[in-house]
Amino acid sequence: MGPLAWSADVVGGLKWWQRVVLVACLCALALPLWFAARNAYRFVDGDRTITEGYVHCDWNGPCTGTWRLPGGQQGRGEIAGLNFEYDEEQVTGIRLYAGRDWAVTDRSGLAFHAAYEFAGAAIGVAVVLAVAWYKSQ
């Protein structure tokens, strides 16, 4: 039995509304794949840099700042991984891994997030297909 025969058996054994739910669930699993691809791209495409000037951190929110990229481009935006103390103590020259509109303090966090998002999507597909197979019997 090939993969197409198995999928035809599963889909053929479902009611029309169960098919709609199956398609919706599989489409919804594209979202974690999009986030994983974004983090993987950032892990590969970013550059090591440092902040220019001071960063601004909201009390219970994100920190923002500016940084210089190779080639003379200036980056600006939210910096993930910083806390309020950097703003309070007016720290300059914070080491970053950044692109033009994003920055993180820890590059390995990008790979970690991409890995668990890919894994979550794979587990989600397996669960959705297992439930569909069970319901089609």
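Notes on the structure follow. (Residues numbered from 1 in each chain as written. Predicted model: local features only at pLDDT ≥ 70, side-chain atom pairs only at ≥ 80, totals over all residues. Heavy atoms only, no water.)

If you walk through the whole model with that rule in mind, you get 3 aromatic pairs. Ring centres of Trp34 and Phe35 lie 5.0 Å apart, and the angle between their planes is 75°; this geometry places the pair in the edge-to-face category. One residue, Arg107, lies across the ring of Phe43, its end atom 4.0 Å from the ring centre. (Phe/Tyr/Trp six-rings, centres within 6.5 Å; stacked < 30°, edge-to-face > 60°. Lys NZ or Arg CZ within 6 Å of the ring centre and 35° of its normal.)

On the surface, Trp16, Trp17, Val20 and Val21 cluster together to form a nonpolar patch covering roughly 470 Å² of accessible area. In this structure, Val20 sits in helix α2 (residues 16–28). (Patch = residues over 30% accessible without salt bridge, like charges linked within 9 Å, V, L, I, M, F, W, Y side chains within 5 Å. Areas by Shrake-Rupley, 256 points an atom, 1.4 Å probe, with all protein chains shown as cover. Salt bridge = Lys/Arg side-chain N within 4 Å of Asp/Glu carboxyl O. Helix = DSSP H or I, 4+ residues; strand = E, 2+ residues; numbered from the N terminus.)

This next bit is on the state of the cysteines. This model, assessed by the stated rule, comprises 1 disulfide. Considering cysteine sulfurs only, Cys27 is the nearest to Cys25, which forms no disulfide, with 9.4 Å between them. On the accessibility criterion, Cys25 (31% relative accessible area) is partly exposed. (Disulfide = S-S within 2.5 Å. Buried < 20%, exposed > 50% of the residue type's maximum accessible area, 1.4 Å probe, protein only.)

The next point concerns the nonpolar core. Ranked by size, the top nonpolar core spans 11 residues in total: Val55, Cys57, Cys63, Trp67, Leu69, Ile79, Leu82, Ile94, Leu96, Ala98 and Ala103. Counting residues per element, the ones that place at least two in this core are β1 (47–57), β2 (63–68) and β4 (95–98). For Leu82, the residues in contact, after removing those within four places along its chain, are Val55, Cys63, Ile94 and Thr105. With 6 residues, the next largest nonpolar core counts Val10, Leu14, Leu29 and Ala132 among its residues. (Core = buried A, V, L, I, M, F, W, Y, C linked by side-chain atoms within 4.5 Å. Contact = heavy atoms within 4.5 Å.)

With respect to the helices, strands and loops of the structure, Gly77 is situated in strand β3 (residues 74–80). Here Gly77 falls in the buried class, since its relative accessible area comes to 14%. Along the sequence, Gly77 and Arg100 sit 23 residues apart, while their C-alpha atoms lie 8.2 Å from each other. Excluding its chain neighbours within four sequence positions, the residues that come into contact with Gly77 are Cys63, Thr64, Gly65, Trp67 and Asp101.

For the rest of this paragraph, the subject is the packing of α2 against helix α5 (residues 107–136). At a minimum axis separation of 10 Å, α2 and α5 run at an interaxial angle of 170°. In terms of their interaxial angle, α2 and α5 are classed as roughly antiparallel. Residues Gln18, Leu22, Cys25 and Leu26 of α2 touch α5, and the partners they reach there are Val125, Val128, Leu129, Ala132 and Lys135. Considering only residue class, the contact of α2 with α5 consists of 7 nonpolar, 1 polar and 1 charged. (Axes fitted to C-alpha atoms, helices over the stretch in contact; angles between N-to-C directions. Parallel < 35°, antiparallel > 145°, perpendicular 65-115°, else oblique. Nonpolar A, V, L, I, M, F, W, Y, C, P; charged D, E, K, R; others polar.)

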